[in-house]
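What follows is each chain in one-letter form.
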Amino acid sequence: MTGLADTRLAEAGIFEGYASLFGVPDLKGDAVAPGAFAASLARRRASGVRLLWQHDPAEPVGAWLDLAEDSRGLRARGRLNLGVGRARELLALCAKGRWTGSRSASAPSGRAARRAG
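Residues numbered from 1 in each chain as written. Predicted model: local features only at pLDDT ≥ 70, side-chain atom pairs only at ≥ 80, totals over all residues. Heavy atoms only, no water.

1. Here we look at the overall build of the protein
Defined as follows: Put simply, DSSP H or I for four residues or longer makes a helix, DSSP E for two residues or longer makes a strand, and each gets a number counted from the N terminus. Three exposure classes are used, based on accessible area relative to the maximum for each residue type with a 1.4 Å probe and protein chains only: buried under 20%, partly exposed in between, and exposed over 50%. Contacts are residue-level and defined by heavy atoms, with any inter-residue pair within 4.5 Å sufficient. Only the protein chains shown count as cover for residues, with accessible areas throughout obtained via the Shrake-Rupley method and a probe of 1.4 Å.
Counting its regular elements, the protein contains two helices and five strands. Helices and strands in the protein line up, N terminus first, as β-β-α-β-β-β-α. Among the 117 residues that make up the protein, the fraction classed as buried is 37%. Sequence separation of 24 or more characterises 60% of the internal contacts of the protein that already satisfy a separation of 6 or more. Here the protein displays about 6,400 Å² of accessible surface, and carbon together with sulfur accounts for 51% of that area.

Now the structure itself:
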């Protein structure tokens, strides 16, 4: 996992960082190219992308407040739903610097958003 980089945790479960970094190969050697998320984000916006625990659609843990590409990658800002057990676990891990996430954690189209580098 390359992780959610530069994670900052704020009050009320709000966090931000990079959900994906451009040009950084994952464990399979795939890298995300600039522009990989543009069409999905234009179509779905942050509110149309689910914030899930480990990509599991049965385990939503919050909501995305903002998702946007910049020169470095996919910048993400979200709010954990602290009424959900997994979200509280995630908050605790983030607070201790123990969670790095998954590079495609917020990919709008999942694997379809990835492009080989």
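We are not done yet, so read on.
2. Examining the environment of Gly62
Mapped onto the fold, Gly62 is located in strand E4 (residues 60–69). As a C-alpha pair, Gly62 and Gly78 span 16 residues in sequence and 7.2 Å in three-dimensional space. When sequence neighbours within four positions are dropped, the list of residues in contact with Gly62 reads Leu51, Arg79, Leu80 and Asn81.

3. Things to note about the pattern of salt bridges
Should the charged atoms of two oppositely charged side chains come close, the side chains can pair. Our working rule: What counts as a salt bridge is simple: a side-chain nitrogen of Lys or Arg found within 4 Å of a carboxyl oxygen of Asp or Glu.
Using the criterion set out here, one finds three salt bridges in the structure. Its salt-bridge partner being Arg75, residue Glu16 comes within 2.9 Å of it at the nearest N-O pair. Of this pair, Glu16 sits in strand E2 (residues 14–21) while Arg75 sits in strand E5 (residues 73–80); the two residues are 59 residues apart in sequence, bridging distant segments of the chain. For Arg86, the salt bridge goes to Glu59, with nearest N and O atoms at 2.9 Å. Note that Arg86 is positioned in helix H2 (residues 85–95) and Glu59 in the loop between strand E3 (50–52) and E4, a separation of 27 residues in sequence. If you follow the salt bridges from partner to partner, you end up with Glu59, Arg86 and Glu89 in one network.

4. A look at the nonpolar core
Note the cut-off: As used in this record, nonpolar core signifies buried Ala, Val, Leu, Ile, Met, Phe, Trp, Tyr and Cys residues forming a set joined through side-chain atoms within 4.5 Å.
Counting residues in each nonpolar core, the largest one holds 20 residues, and the members touching the most others are Phe37, Val61, Trp64, Leu67 and Leu80. Among the secondary structure elements, those contributing two or more residues to this core are E2, E4, E5 and H2.

5. Here we look at the environment of Pro57
With respect to the helices and strands, Pro57 occurs in the loop between E3 and E4. Excluding residues within four positions of it along the chain, Pro57 makes contact with Arg50 and Leu52.

Interpretation in functional terms is not warranted from these geometric data alone.
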